[in-house]
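Okay, here's what each chain looks like letter by letter:
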Amino acid sequence: MTMLQILWFFLIGLLFAAFFFLDGFDYGVGMAVKTLAHNEAERTQLIRTIGPVWDGNEVWLITAGGAMFASFPYWYATLFSGYYLILLVILVGLIIRGVSFEFRAQSPMAKKPLWDNALALGSLIVPFFFGVMFISMIKGMPIDAQGNIQAGFLDYFNWFSIVGGVALTLLTYLHGLNYIALKTTGAIQARAQNLQPGVLLGSVSGRGGLCAAFALPNRLYQGAPVGNAAGAGFDRCLFGAGSCQYL
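Residues numbered from 1 in each chain as written. Predicted model: local features only at pLDDT ≥ 70, side-chain atom pairs only at ≥ 80, totals over all residues. Heavy atoms only, no water.

**Student:** Outline the environment of Ala17, listing residues and values.
**Tutor:** Looking at the secondary structure, you find Ala17 in helix α1 (residues 3–35). Classification of Ala17 as partly exposed rests on a relative accessible area of 43%. As for Ala17 and Leu61, which are separated by 44 residues in sequence, their C-alpha atoms are 9.4 Å apart. (Helix = DSSP H or I, 4+ residues; strand = E, 2+ residues; numbered from the N terminus. Buried < 20%, exposed > 50% of the residue type's maximum accessible area, 1.4 Å probe, protein only.)

**Student:** If you had to explain the layout of surface pockets to someone new, which residues and values would you point to?
**Tutor:** The computed volume of the second largest pocket comes to approximately 480 Å³. At the level of secondary structure, the elements contributing two or more residues to the lining of the second largest pocket comprise α4 (59–71), α5 (73–82), α6 (84–106) and α7 (112–139). Split by residue class, the lining of the second largest pocket holds 15 nonpolar, two polar and one charged. (1 Å grid on protein atoms, 1.4 Å probe; cavity = no way out; pocket = protein on both sides within 12 Å on 5 of 7 lines; lining within 4 Å. Points joined across faces, edges and corners; volume = space filled by probe spheres on them. Nonpolar A, V, L, I, M, F, W, Y, C, P; charged D, E, K, R; others polar.)

**Student:** Talk me through the nonpolar core; I want residue IDs and the actual numbers.
**Tutor:** One finds Tyr83, Ile86, Ile90, Phe130 and Met133 to be the most contacted residues of the largest nonpolar core, which totals 32 residues. Every element with two or more residues in this core is listed here: α1, α4, α5, α6 and α7. The element contributing the most residues to this core is α7, with eight residues. Core analysis: the second largest hydrophobic core is formed by 21 residues, Phe25, Val29, Trp54 and Tyr173 among them. (Core = buried A, V, L, I, M, F, W, Y, C linked by side-chain atoms within 4.5 Å.)

**Student:** Provide a residue-level description of the confidence of the model for the protein chain, including the pertinent values.
**Tutor:** Per-residue pLDDT for the protein chain has a mean of 84; in total, 86% of the residues score no lower than 70. Between residues 219–247, whose pLDDT stays under 50, and residues either more than four places distant or in other chains, the model counts 61 contacts. (pLDDT = per-residue confidence, 0-100. Contact = heavy atoms within 4.5 Å.)

**Student:** Any details on a nonpolar patch on the surface? Residues and values, ideally.
**Tutor:** Residues Tyr84, Leu85, Leu88, Leu91, Val92, Ile95, Val99 and Phe103 make up a contiguous nonpolar surface patch of about 750 Å² in total accessible area. Relative to the assigned elements, Leu85 resides in helix α6. (Patch = residues over 30% accessible without salt bridge, like charges linked within 9 Å, V, L, I, M, F, W, Y side chains within 5 Å. Areas by Shrake-Rupley, 256 points an atom, 1.4 Å probe, with all protein chains shown as cover. Salt bridge = Lys/Arg side-chain N within 4 Å of Asp/Glu carboxyl O.)

**Student:** Run through the packing of aromatic side chains, naming residues and quoting values.
**Tutor:** Inspection of every chain in the model, using the stated rule, returns 20 aromatic pairs. Ring centres of Phe72 and Trp75 lie 5.6 Å apart, and the angle between their planes is 50 degrees; this geometry places the pair in the tilted category. Exposure remark for Phe72: the relative accessible area of 1% places this residue in the buried category. With relative accessibility at 11%, the residue Trp75 sits in the buried group. One aromatic cluster is present, formed by Phe16, Phe19, Phe20, Tyr27, Phe130 and Phe134 through successive ring pairs. (Phe/Tyr/Trp six-rings, centres within 6.5 Å; stacked < 30°, edge-to-face > 60°.)

**Student:** How would you sum up α4? Please name residues and give values.
**Tutor:** Along its 13 residues, α4 runs 18 Å from first to last C-alpha, staying within 8% of the 18 Å computed at 1.5 Å per residue. Each element contacted by the buried residues of α4 is listed here: α1, α5, α6 and α7. (Expected span 1.5 Å × (residues − 1).)

**Student:** Please set out the pattern of salt bridges residue by residue, giving values where relevant.
**Tutor:** Overall, the coordinates contain six salt bridges when judged by the stated rule. A salt bridge links Arg97 to Glu58, with the shortest nitrogen-to-oxygen separation between them at 2.8 Å. A residue pair is termed long-range when its members are at least 10 positions apart, and Arg97 in helix α6 and Glu58 in the loop between α3 (54–57) and α4 qualify at 39 residues. For the pair Arg97 and Glu58, a shared accessibility class is recorded, and that class is buried. Each of Glu40, Arg43, Arg104 and Asp116 takes part in one network of salt bridges that share partners.

**Student:** Got a sec to walk through the side chain of Glu42? Specific residues and values, please.
**Tutor:** Residue position: Glu42 is located in helix α2 (residues 40–50). At 2.7 Å, the side chain of Glu42 forms a polar contact with the backbone nitrogen of His38. A polar contact is formed between the side chain of Glu42 and the side chain of Arg191, at a distance of 2.4 Å. Those residues within four positions of Glu42 in sequence are excluded, and the remaining contacts are Leu36, Ala37, Ala187, Ile188 and Arg191. (Polar contact = N/O pair within 3.5 Å; in protein donor to acceptor, adjacent residues only side chain to side chain.)

**Student:** Just give me the short version of the environment of Met141, but keep the residues and values in it.
**Tutor:** One can find Met141 in the loop between α7 and α8 (153–156). Placed 59 residues apart in sequence, Met141 and Gly82 show a C-alpha to C-alpha distance of 9.2 Å.

What follows is the structure, encoded as structure tokens:
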């Protein structure tokens, strides 16, 4: 692996980190529209807190995908073909979430609950399936010599990846509650502050379970250590220097 490849690898990681850091609270606020707000005025108040920034924050995800395509085409091809359906669901979540802002603003009062539900659903789908995708990659995915993922349903959805999806969803929800506490006043701010400890406990518990799974030797990795997937296996899979079993 050359220094340029290492540089691009960390740059892509930085872009994904910026996406989750800057766009994470948008998903949390979107979920809070149905779980925290009690009336139409409060729901509108929440949506207005992210109205100026939500679409700009998603540019980080597009940039990360473009950087992956430009720098690591084997990685890009394997990831986007092997996770095609999961990425399609994420895209659908992004679409229904995006259009819900506009349609809600133009809809009569009787139709606004429909778009509130669409906003909350889209905001839930995206972090959950991103968590499933990333954690299943850490667990290890079988691929062939051509870089094609040869995985079944349980390779994508198992207790490990589902816990990861729930943990990331709770983390974005907590991020949104913190943002709401900073950007609002009154009763909804107080409810956000009161809800934070419970969501924090759930998020930390999920991440603690994942850390314990990493630390304890078991059949979770199908006989391959994490270092093999992230190190030598990563180099062989992504840069086309042979074949490997895990991604």
